[in-house]
Amino acid sequence: MDKKLLLHDVGESVDLFLLIKSSTKGIASNGKPFLTLMLQDKSGEIEAKLWDVSEEDESAYAAEQIVHIAGDIQNYRGRKQLKIRQIRLATPLDNVSAADLMETAPLDKEKIADEITQYIFEMKNANLQRITRSLIKKYQGDFYEYPAAMRHHHEFVSGLSFHVVSMLRLAKAIADQYPSVNRDLLYAGVILHDLGKVIELSGPVSTSYTLEGNLIGHISIVVEEVSKMAEELKIEGEEVVVLKHVLLAHHGKGEWGSPKPPLVREAEILHQIDLMDATMNMMDKALRHTKPGEFSERIFGLENRSFYRPSFDTE
């Protein structure tokens, strides 16, 4: 099989199997329908256009289908785009599965689970620990499989829990540096902040928003889950209120989706490390496929900026 998708440079040809992550119909200026395909393999994803499609094409080249594509990598407005020359659906004889083409977290999910469990074990506040442990246990199957987002950051299998582990490591370093930080509250906020995404999103394959995701969103969902779990465990008082505030405020600003701005120290820290880890993941993803001495593709989630990889950066 050809080398991975995003290891190809602009101007190179590709001949490989890809998974359709999403398929969106549009109408071209000539009035003919086309499909915008988001295609992926383990190296990442790329957009492609399939022009002059029929109704049969629309149903055939839908999300979650595996296709074999011959085409060329082009530069379109600062980002790589795949120009399709030939496309067909994969058959059983091709012996290719979706799992072969899906990017996964760089850490095994069992190791991720062990590390998160250890952080929960270290929590000394019994109420915060019980709520956190119970919610992770309730959703553990999906929590360790789901991506952290549809796109932009940690949008791969086990991305949600890997994002949490990365943030927990940052939280530990910050709490070690600043002993006044309430470590238990910060750990609980980190572990639970995106738990609502197991309800907001459809799953790790061809991820989309569910009805709850579109109408409610993961922040409101997790706050409701905390309320229900606290009631089930017969826990009440200020700890529950403050934990819910930390979760409500973790996006930082109203225009970024937070119902409340951070009004306690741990809420502000959670917001900052969430932003840092998401930003680093987006930059790492772009720079991983950028040669030293060149600029990356534009990163939509970072104000459409391109980042320079210094010529002495050889890692």
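Since this is a predicted model, take the numbers as computed values, not measurements.

Conventions used here
- Residues numbered from 1 in each chain as written.
- Predicted model: local features only at pLDDT ≥ 70, side-chain atom pairs only at ≥ 80, totals over all residues.
- Heavy atoms only, no water.
- Pairing = 2+ DSSP bridges.
- Helix = DSSP H or I, 4+ residues; strand = E, 2+ residues; numbered from the N terminus.
- Axes fitted to C-alpha atoms, helices over the stretch in contact; angles between N-to-C directions.
- Parallel < 35°, antiparallel > 145°, perpendicular 65-115°, else oblique.
- Left-handed = near helix turned anticlockwise from the far one by under 90°.
- Contact = heavy atoms within 4.5 Å.
- Salt bridge = Lys/Arg side-chain N within 4 Å of Asp/Glu carboxyl O.
- Buried < 20%, exposed > 50% of the residue type's maximum accessible area, 1.4 Å probe, protein only.
- Core = buried A, V, L, I, M, F, W, Y, C linked by side-chain atoms within 4.5 Å.
- Polar contact = N/O pair within 3.5 Å; in protein donor to acceptor, adjacent residues only side chain to side chain.

Looking at the pairing of strand β5 (residues 79–89)
Each regular strand carries side chains that alternate between the two faces of the sheet. By the bridge criterion, three bridges tie strand β3 (residues 44–50) to β5 in an arrangement that is parallel. Residue pairing in the sheet places Ala48 in a bridge with Leu82 of β5. Hairpin connection between strand β4 (residues 66–76) and β5: a loop of two residues separates the two successive antiparallel strands, and Arg77 in this loop has a positive phi of roughly 55 degrees.

Considering the packing of helix α5 (residues 183–192) against helix α9 (residues 238–248)
Packing of α5 against α9 leaves a shortest axis separation of 10 Å and a crossing angle of 50 degrees. Comparing the axis directions of α5 and α9 gives the class oblique. Here the hand of the crossing between α5 and α9 comes out right-handed. For the pair α5 and α9, contact is made by Leu185, Ala188, Gly189 and Leu192 and by Val242, Leu243, Val246 and Leu247, respectively.

What about the pattern of salt bridges?
When the charged atoms of two side chains with opposite charge come close together, those side chains can pair. One pass over the structure, following the stated rule, counts 17 salt bridges. Here Asp9 and Lys291 are joined by a salt bridge, their closest N and O atoms 3.0 Å apart. Taken together, the residues Asp9 in the segment before β1 (13–27) and Lys291 in the segment after α10 (265–288) connect sequence positions 282 residues apart. Owing to a relative accessible area of 26%, Asp9 belongs among the partly exposed residues under this scheme. Overall, the relative accessible area of 43% leaves Lys291 in the partly exposed class. Between Lys138 and Glu225 there is a salt bridge, with the nearest N and O atoms lying 3.1 Å from each other. On the criterion of sequence distance, the pair formed by Lys138 in helix α3 (residues 126–143) and Glu225 in helix α8 (residues 218–232) is long-range, its members being 87 residues apart. We classify Lys138 as partly exposed; its relative accessible area is 45%. On the accessibility criterion, Glu225 (7% relative accessible area) is buried.

As for unusual backbone geometry
Excluding glycine, most residues fall at negative phi; most peptide bonds, likewise, are trans. Notably, Glu64 is not glycine yet its phi reads approximately 85 degrees, a positive angle. Note on placement: Glu64 falls in the loop between α1 (55–60) and β4.

Re the nonpolar core
One finds Ile116, Ile131, Val190, Leu192 and Leu243 to be the most contacted residues of the largest nonpolar core, which totals 52 residues. Sorting the residues of this core by element identifies α2 (109–122), α3, α4 (159–177), α5, α8, α9 and α10 as the ones contributing at least two each. Those residues within four positions of Val190 in sequence are excluded, and the remaining contacts are Val164, Met167, Leu168, Ala171, Leu270 and Ile273. Among the nonpolar cores identified, the runner-up in size contains 18 residues, and Leu18, Ile20, Leu39 and Ile69 belong to it.

Topic: the environment of Arg169
Structurally, Arg169 is set in helix α4. With 54 residues separating them in the primary sequence, Arg169 and Glu115 have C-alpha atoms 9.8 Å apart. Every residue in contact with Arg169, bar those within four places of it in the chain, is listed here: Leu107, Glu115 and Tyr119. A distance of 2.8 Å separates polar atoms of two side chains, one belonging to Arg169 and the other to Glu115.

That is the geometry; function is a separate question.
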